[in-house]
Amino acid sequence: MRVPLITGNWKMNTMVSEAIELSNEMRSGLDEIDGVDKVICPPFISLATVYKLIKGSSIKLGAQNMYFESKGAFTGEISPIMLAELCQFVIIGHSERRQYFGESGEIINKKVKAALKVGLKPILCIGEKLEDNEAARTEKVVIRQLELALAGVGNLTGLVIAYEPIWAIGTGRAATGEEANEIIGLIRCNLAKLYSKEATRSLQILYGGSVTAANSGEFIKQPEIDGALVGGASLDANQFLSIVRQTAEIKG
Ligand code: 13P
């Protein structure tokens, strides 16, 4: 009942010319694949250009971050309404934002609410550090992150969650399919207590962290995992296409 979702987080990669090239390489291939939501998240500076290139296709556009205020004297920031002109999705609370830019649970909560208010779908990222994983604190950490991020959020409509263990991001050391499935199952269970079972049944929850064309099937075949948030491998058109194709075959 949940449509699978594959999102490419390009992070701080691609010059505008490269973003154009990559979008063009992916466009027709991605557009041919049905039954999977496909989202690409280029850097801010390329959003307007990529928007025009993928217009009319089934590919959706996402941003990698945003500020929570709608306009004003916030030099260097991009607002939810600005993004909503071009994007349907926005990644919020990525561990790199938390780690390098000091984003707290409170800030992430404001961003989630601000995105939902303008109809942008937040892809809310949560995930534990290696030491928490090794000390068997994963469930506790991710549930706390969720409670903070979702404080005052009345329902789960329009929300996507991405479970990205920090130790698996950009390290080549992905979680196993079973590990990720277990944690995502626990996330769904805990959210069912905060919201309702019905609400969590339709909630898309993704796995992220060193997903490649070679290992994506292992995650996608898991019943609790609805897709992937792909970093490095989303910069390679062939790999990204392969991940989306495999998803369509496995979940189709
Ligand atoms: P990698 O796929 O490069 O590990 O990155 C994962 C990620 O952080 C996606 O948001």
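What comes next is a walk through the structure. What you see is a predicted model, and the numbers here were worked out from it, not measured in a lab.

**Focus: the packing of aromatic side chains**
No. 1: Tallying each qualifying case throughout the model produces four aromatic pairs.
No. 2: Between tyrosine 207 and phenylalanine 219 the ring centres are 4.2 Å apart and the planes differ by 10 degrees, which places this aromatic pair in the stacked class. Taken as a pair, tyrosine 207 in strand S7 (residues 204-208) and phenylalanine 219 in helix H10 (residues 216-220) lie far apart in primary sequence, 12 residues in all. For the pair tyrosine 207 and phenylalanine 219, one class covers both residues: buried.
No. 3: An aromatic cluster is defined as three or more aromatic residues linked by ring pairs; in this entry it consists of Tyr67, Phe68 and Phe74.
No. 4: Here arginine 97 stacks its cationic end above the ring of phenylalanine 101, 4.1 Å away from the centre of that ring.

**Quick notes on the site of the ligand**
No. 1: Near the ligand, the surroundings consist of 13 residues, among which Lys11, His94, Glu164, Gly170 and Ser210 are the closest.
No. 2: The separation between an oxygen atom of the ligand and a polar side-chain atom of lysine 11 is 2.8 Å.
No. 3: Serine 210 places a main-chain nitrogen or oxygen 2.8 Å from an oxygen atom of the ligand.
No. 4: Considered on its own, the ligand offers 310 Å² of accessible surface; in the complex 94% of this is hidden by protein.
No. 5: Here the residues of the shell around the ligand are counted per class, giving four nonpolar, seven polar and two charged.

About the criteria used
- Residues numbered from 1 in each chain as written.
- Predicted model: local features only at pLDDT ≥ 70, side-chain atom pairs only at ≥ 80, totals over all residues.
- Heavy atoms only, no water.
- Phe/Tyr/Trp six-rings, centres within 6.5 Å; stacked < 30°, edge-to-face > 60°.
- Helix = DSSP H or I, 4+ residues; strand = E, 2+ residues; numbered from the N terminus.
- Buried < 20%, exposed > 50% of the residue type's maximum accessible area, 1.4 Å probe, protein only.
- Lys NZ or Arg CZ within 6 Å of the ring centre and 35° of its normal.
- Near = heavy atom within 4 Å.
- Polar contact = N/O pair within 3.5 Å; in protein donor to acceptor, adjacent residues only side chain to side chain.
- Areas by Shrake-Rupley, 256 points an atom, 1.4 Å probe, with all protein chains shown as cover.
- Nonpolar A, V, L, I, M, F, W, Y, C, P; charged D, E, K, R; others polar.

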